[in-house]
Each structure stands twice: as structure tokens, then as C-alpha cells.
Amino acid sequence: MINNLSELNPDLYNFGNMLILPGTIISWFKKENAYWHYQGDPSPEKPHAELSSGLCSNGFFDCQRILCYPNVAEILAFQLACEIKFFMNEEKIKKIDYVVAPAYAAIPFGHEVAKALGAKFVFTEKDPSDPKGKKMLWQRMAIPTGANVLQVDELITTASTIKEVRRAVQEGNPDLVTFVPFVGTIVFRPENLKAKQEYEIISLIKKEVQNFEPGQCPYCKAGSLRVRPKKNWDKLTGKK
Ligand SMILES: [Zn+2]
């Protein structure tokens with residue numbers, strides 16, 4: 001048992017080809033208080049989460065609390081790269097040329113995935129004209145025709161960020177960009193894991209988390225306060 005995530009040694013995991021089970025990764029999230037799930041029935045005493053989409057939710061992963069450890073980013077990226085290589089074989093893709101990730105939280109992780117795959121790393125920027133920070137820009141680099149591009153994110157809820165990154169890159173790039181037919185992430189947290197996905201998603205953790213329209217949210221109805229998770233983490237989790 002480790003005391004601190006900074007003690008995890010990438011050489012031991014990566015060169016030892018050690019498979020890390022999802023339960024172990026969840027335990028790292030829990031150790032860093034990076035995973036919250038509503039406990040018990042909806043009640044006015046306990047707040048619930050307001051997502052950036054405006055929806056209410058009863059669960060939240062804060063990947064930055066894990067990815068702030070460079071060694072953990074390296075270990076998780078190596079694990080994901082192993083899974084990606086399996087899919088590359090299936091799809092007869094010999095090489096990933098570029099890994100692209102959106103700003104900000106996915107950047108250190110995407111960088112490590114690119115390193116593990118021997119690819120170049122690039123990222124989309126947040127468009128300053130969008131106050132919600134959802135719109136992406138691609139303006140500093142050019143991806144050449146025929147290069148295989150893998151999209152990586154640290155957390156995927158719906159296909160909206162995936163689509164926005166693709167839109168920005170396709171529109172901002174001088175030549176047509178070829179994305180490989182799968183996307184990589186640490187956490188995939190859809191509402192329904194059985195629902196057909198628009199993109200093939202390769203993830204290290206899969207967890208269903210419920211989202212609700214505020215008008216139909218059982219937590220709002222019960223008088224539970226809705227709060228933005230990252231700014232109110234201690235109120236949500238009851239921990240610092
Ligand atoms: Zn609500």
C-alpha cells in the first residue's frame with residue numbers, strides 16, 4: 001500500500017508491463033479525494049453538482065487532482081497507450097503520428113500518451129471569445145495530409161468536446177486531417193454505458209454517472225443546493 005501517489009514509480013509499472021486494474025485507479029482517485037458520488041437519498045443537507053453544461057449531476061471526477069502528479073500521468077498514459085496499440089492492430093494502423101488534446105486539463109496527459117506512442121503532441125486552445133470556455137481554436141500548427149491523428153482527453157462525458165476539438169482542427173488546419181476511429185481517455189462517465197457511442201472510446205475507467213435537467217432533478221426537488229464542483233469541492237465531499 002502506498003502512502004503518497006508521488007511514490008508510484010513509472011519504471012516499475014511501464015517496463016514491468018504491469019496491468020493496472022480500474023479498481024486500483026479508482027483507489028488512487030479516492031486517495032486524492034478526486035472522486036465524489038452523492039451518498040444516500042437526495043436531501044437539503046447535502047449539495048449536488050452543477051456541470052458546465054448546466055445539467056445537475058450526482059457524481060464527479062476531478063482528474064487534475066491525479067494528473068498534478070507527473071509520475072501518475074506517465075503511468076496512466078502508458079496503460080492507455082497499451083490499450084490503444086491493441087486497437088491499432090485491430091484497425092491495421094501502423095503508427096499514430098499526432099496526439100491532439102484539448103486545453104487545459106488534458107494537456108499533460110495527452111503529452112504523456114504521445115510520448116508512450118512515439119507520436120508528436122499538439123493541443124487545441126480555448127477560444128477567448130467564448131466565455132464558457134467550450135469553443136476551441138487550432139491556429140499555431142499544421143498537421144500534414146495523411147498523418148494519423150489520435151484524439152485524447154482526460155475525461156469524457158458526452159461526444160460534445162470530441163466533436164468540438166475535431167471541428168476546430170478541421171477548420172483551422174490548411175489540409176484535411178485524418179482522425180483514427182477511436183478516442184482515448186482516463187475516465188469515461190456516460191449516463192448509460194450500454195448506449196451506442198458515436199465514437200469508439202478507449203478508457204481506463206468506465207463509470208455511469210447520472211445527469212439531470214434542473215427542472216427534472218430529484219436533488220433540486222428535495223431542496224439540495226446545486227454547486228459548481230471544483231470551486232465547492234469541500235462542500236460536496238465534506239473533505240478538504
Ligand atoms: Zn439539481
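Above this text is the structure in question.
What comes next concerns the included structure. (Residues numbered from 1 in each chain as written. Predicted model: local features only at pLDDT ≥ 70, side-chain atom pairs only at ≥ 80, totals over all residues.)

1. Here we look at the sheet that holds strand 7 (residues 136-137)
Consideration 1: On the basis of which strands lie adjacent, the open sheet formed by 6 strands has the order 7-6-5-8-9-10 and mixed pairing. The open sheet is flanked by strand 7 and strand 10 (200-206), the only strands paired with a single partner.
Consideration 2: Pairing of strand 9 (residues 178-188) with strand 10 involves 6 bridges; the strand directions are parallel. Considered in strand 10, the bridge of Val183 is made with Ile201.
Consideration 3: With respect to the sheet, helix 4 (residues 70-90) is in contact with strand 8 (148-156), strand 9 and strand 10, its orientation differing from that of strand 10 by roughly 145°.
Consideration 4: Relative to the sheet, helix 5 (residues 106-117) contacts strand 5 (98-102), strand 6 (120-126), strand 8 and strand 9, its axis offset from that of strand 5 by approximately 170°. (Pairing = 2+ DSSP bridges. Helix = DSSP H or I, 4+ residues; strand = E, 2+ residues; numbered from the N terminus. Contact = placed C-beta atoms within 7 Å. Axes fitted to C-alpha atoms, helices over the stretch in contact; angles between N-to-C directions.)

2. Quick word on the nonpolar core
Consideration 1: Grouped together as the largest cluster of nonpolar side chains are 57 residues, with contacts concentrated most on Leu76, Ala77, Val99, Phe109, Val113 and Leu117.
Consideration 2: No other element matches the 9 residues that helix 4 contributes to this core.
Consideration 3: The residues contacting Ala77, other than those within four sequence positions of it, are Phe109, Glu112, Val113 and Ala116. (Core = buried A, V, L, I, M, F, W, Y, C linked by C-beta atoms within 7 Å. Buried ≥ 20, exposed ≤ 12 C-beta atoms within 10 Å, placed from the backbone.)

3. What to know about helix 5
Consideration 1: The end-to-end C-alpha distance of helix 5 is 16 Å, a good match for the 16 Å that 12 residues give at a rise of 1.5 Å each.
Consideration 2: For helix 5, a buried count of 10 out of 12 residues is recorded, marking the element as mostly surrounded by other parts of the structure.
Consideration 3: Looking only at helix 5, the buried set comprises Ala106, Pro108, Phe109, Gly110, His111, Glu112, Val113, Ala114, Ala116 and Leu117.
Consideration 4: Among the structural elements, helix 3 (64-67), helix 4, strand 5, strand 6, strand 8 and strand 9 are those in contact with the buried residues of helix 5.
Consideration 5: Backbone geometry just after helix 5 places Gly118 at a positive phi near 65°. (Expected span 1.5 Å × (residues − 1).)

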